[in-house]
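# Structural overview
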Amino acid sequence: MKKDFLTGNEAIARGAYEYGVTFASAYPGTPSTEILENIAKYEEIYAEWAPNEKVALESAVGASLAGARCIVSMKHVGVNVAADPLFTLAYTGVNGGLVLVSADDPGMHSSQDEQDNRNYAPFAKIPMFEPSDSQEAKELIGIALEVSEKFDVPVLFRVTTRIAHSRGIVKLGERIERELKPYQKNPQKYAMIPAFAKKRRLDLKERLKALKEYSENFPYNKIEWGKNSEFGIITSGVSYQYVKEVFGDDVSILKLTMTYPLPEKMISEFISRFERVYVVEELDPYIENSIKAMGYKNIVGKDIIPEVGELSPEIIREAFGLNKAEVYYKPEVNLPSRPPVLCAGCPHRGVFYVLKKMKAVVTSDIGCYSLGVLPPLESIDSILCMGASIGMGHGFKKAYEQEGKQSPFVVCVIGDSTFLHSGITGLINVVYNNSNSVTLIVDNGTTAMTGHQHHPGTGYNAKEEPAYAVSLEEICKAVGVKNVYVVDSYDLKAIEDALKKAKEKSGEPTVIIARRACALLKGKGPKGLYTVNQEKCRKCKMCLKLGCPAIQIQGEDVIINPLSCVGCSVCAQVCPFDAIEKAGEDK
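Residues numbered from 1 in each chain as written. Predicted model: local features only at pLDDT ≥ 70, side-chain atom pairs only at ≥ 80, totals over all residues. Heavy atoms only, no water.

## Some points on the overall build of the protein chain
The number of helices and strands found in the protein chain is 19 helices and 24 strands. For 587 residues, the compact-globule estimate of 2.2 N^0.38 gives 25 Å, and the C-alpha radius of gyration of the protein chain, at 27 Å, lies within 12% of that figure. Projected onto its principal axes, the C-alpha coordinates of the protein chain cover approximately 80 × 65 × 55 Å. For the protein chain, the residues scored as buried account for 55% of the 587 residues in total. (Helix = DSSP H or I, 4+ residues; strand = E, 2+ residues; numbered from the N terminus. Rg over C-alpha atoms; globule rule 2.2 N^0.38 Å. Buried < 20%, exposed > 50% of the residue type's maximum accessible area, 1.4 Å probe, protein only.)

Here it is in structure tokens:
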């Protein structure tokens, strides 16, 4: 049998391949992105990047209706976007099996919150699986598809950052080809008008009863009896790995893998053996509260286990009062922290430099440009969620107008991928409600923050095939914006002039598209390098206010590291003494 060393995301993709998935859709978001990227490598599976998570799920629902096995993947906050179809999908059920992968981010490594999406399962009334390693991640995709088809319900497949990105040995199998399940017209099942929905709600209740019985005999819910009978531990997901690392075989463990519906009989059997049982889980007391609701009092969970941030073996050791593990490596010196920073040559840098110079109130969105909130640029006032920048800027201005006061200069900053994800409706709202807000789309031609995935504006699809490229400026004009300016993100004067024009348009909305390809896109960056002419340099350090990692201090001199510089010229435009010049043959 072949084996491979796969991340959890790669294993999920492999599971989709082996267990007959033919349709996959997603919107990129860490830590879920690599799932669809790897699925797209399989010719047998149609794979697409959708404009947003709601569209991704709805497209998969259509494919399921046609009889295909489907997988949809997104990060935890993406499930919020997809929640509207998800809750009703539990009523309609499926035809071909449908699995929704939610990649949660405890510790907020790359997210604006750390919501615990396990809560979605009982809320939406759908079954949930939680793998604890890459092998389980692959196997459980197949089981989840079978459960989806057997019980006529979508399945929530919840992983976390450590499962998604950690590697483990995975046994590979052959693909099981499956034909489309026959489609039968059945409006009472799939068309959720109130009269039909009421019947499907009762049907869902019966399906959940059957799922609860299934959970009791689910082989991946298992008890591992240990040597110590003093107490037991109930856990799931990656927390199981931490518990095993700390306790080994000394403690009895109930490992839950199907975590909704919970196997109450198995839980009762386990708890009855001990005077005290601990629940070890990340984030919310999801399992703990469910067990306490069963009437058990000898349960200890969040009394000692933190409910904020990631867990680790060290945290569990401390919670149980155990000796700290031996540290095998310590750095010889205290290394400085390295906060995230816009890359050298990032086209967003000049935009935020100008916004700070103009003292604008900036409602920003989610993307690489979120780093404009950090020193030295410090241009951003707010970051909430995908697409919120435009609505927030609109509301900010309207609040001042309602009081008859002059609003500050407000600019809504949003990326190209994010605009197509959920910014268009916000812009429609601006036009419809006679707002004079300014929307600045920073268009770098990719979904950069998650690793340069394509979107509807790039001209390519998920399988790197040519596709129609949506025009941002045509969309803006189509929804009624008359003032649309396109500028070069590297041209500081052009950016400032466009913002000044927008500021003067006091009675109508303006969109500025600041366009330059991400500096990391191969073959699309600027040409040539820049250097500091030390004879002209006055050591004023104005260039350092850009926060470009290529500009460095060496002794008393300011230099530009030729290994980092990409030749964007923004620093040369900022220097008041013309001390920054093109280097070498590019002069």
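## Remarks on the sheet that holds strand β16 (residues 382-383)
An order of β16-β15-β17-β18-β20-β19 is seen for the six strands of this open sheet, with the pairing classed as parallel. Two strands bound the open sheet, and with one partner strand each, they are β16 and β19 (483-488). Across six bridges, β19 lies against strand β20 (residues 510-515) in parallel orientation. Within the sheet, the bridge partner assigned to Val486 lies in β20 and is Ile513. Packed on one face of the sheet, helix α14 (residues 348-357) meets β15 (361-364), β17 (410-415), β18 (438-443) and β20 and runs near 155° to β18. Lying on the sheet, helix α15 (residues 388-402) is in contact with β15, β16, β17 and β18; it crosses β17 at an angle near 175°. (Pairing = 2+ DSSP bridges. Contact = heavy atoms within 4.5 Å. Axes fitted to C-alpha atoms, helices over the stretch in contact; angles between N-to-C directions.)

## Brief notes about the packing of aromatic side chains
The final tally for this structure, using the stated rule, is 17 aromatic pairs. With a centroid separation of 5.2 Å and an interplanar angle of 80°, the aromatic rings of Phe231 and Tyr278 are classed as edge-to-face. Note that Phe231 is positioned in strand β10 (residues 228-236) and Tyr278 in strand β13 (residues 277-280), a separation of 47 residues in sequence. In this structure, Phe231 and Tyr278 share a single accessibility class: buried. Geometrically, the ring pair formed by Phe231 and Phe320 is stacked, given 5.9 Å between the ring centres and 25° between the ring planes. Of the two residues, Phe231 sits in strand β10 while Phe320 sits in the loop between α13 (313-319) and α14, which places them 89 residues apart along the sequence. An identical accessibility class is assigned to Phe231 and Phe320; each is buried. Feature note: the residues Phe129, Phe151, Tyr214, Phe218 and Tyr220 constitute an aromatic cluster, connected by ring pairs. We note Lys255 situated over the ring of Tyr240; from NZ or CZ to the ring centre the distance is 4.7 Å. Its end group placed over the ring of Phe577, Arg538 keeps NZ or CZ at 4.7 Å from the ring centre. (Phe/Tyr/Trp six-rings, centres within 6.5 Å; stacked < 30°, edge-to-face > 60°. Lys NZ or Arg CZ within 6 Å of the ring centre and 35° of its normal.)

## With respect to the sheet that holds strand β4 (residues 70-75)
Reading across the sheet, the seven strands line up as β3-β2-β4-β5-β7-β6-β12 and stay open at both edges, with mixed pairing between neighbours. The open sheet is flanked by β3 (46-49) and β12 (258-260), the only strands paired with a single partner. Pairing of β4 with strand β5 (residues 98-104), which is carried by six bridges, proceeds in the parallel orientation. Within β5, the position partnered with Cys70 by the bridge is Leu98.

## Some words on the pattern of salt bridges
Applying the stated criterion across every chain yields a total of 34 salt bridges. For Arg69, the salt bridge identified is with Glu149, shortest N-O distance 2.9 Å. Of this pair, Arg69 sits in the loop between α3 (53-65) and β4 while Glu149 sits in helix α6 (residues 134-151), and the two are 80 residues apart along the sequence. Judged by relative accessible area, Glu149 falls into the partly exposed class, the value being 21%. Note that Glu177 is salt-bridged to Arg175, the shortest N-O span being 3.0 Å. Classification of Glu177 by relative accessible area gives exposed; the value is 55%. Each of Asp104, Asp116, Arg118, Glu130, Arg158 and Glu281 takes part in one network of salt bridges that share partners. (Salt bridge = Lys/Arg side-chain N within 4 Å of Asp/Glu carboxyl O.)

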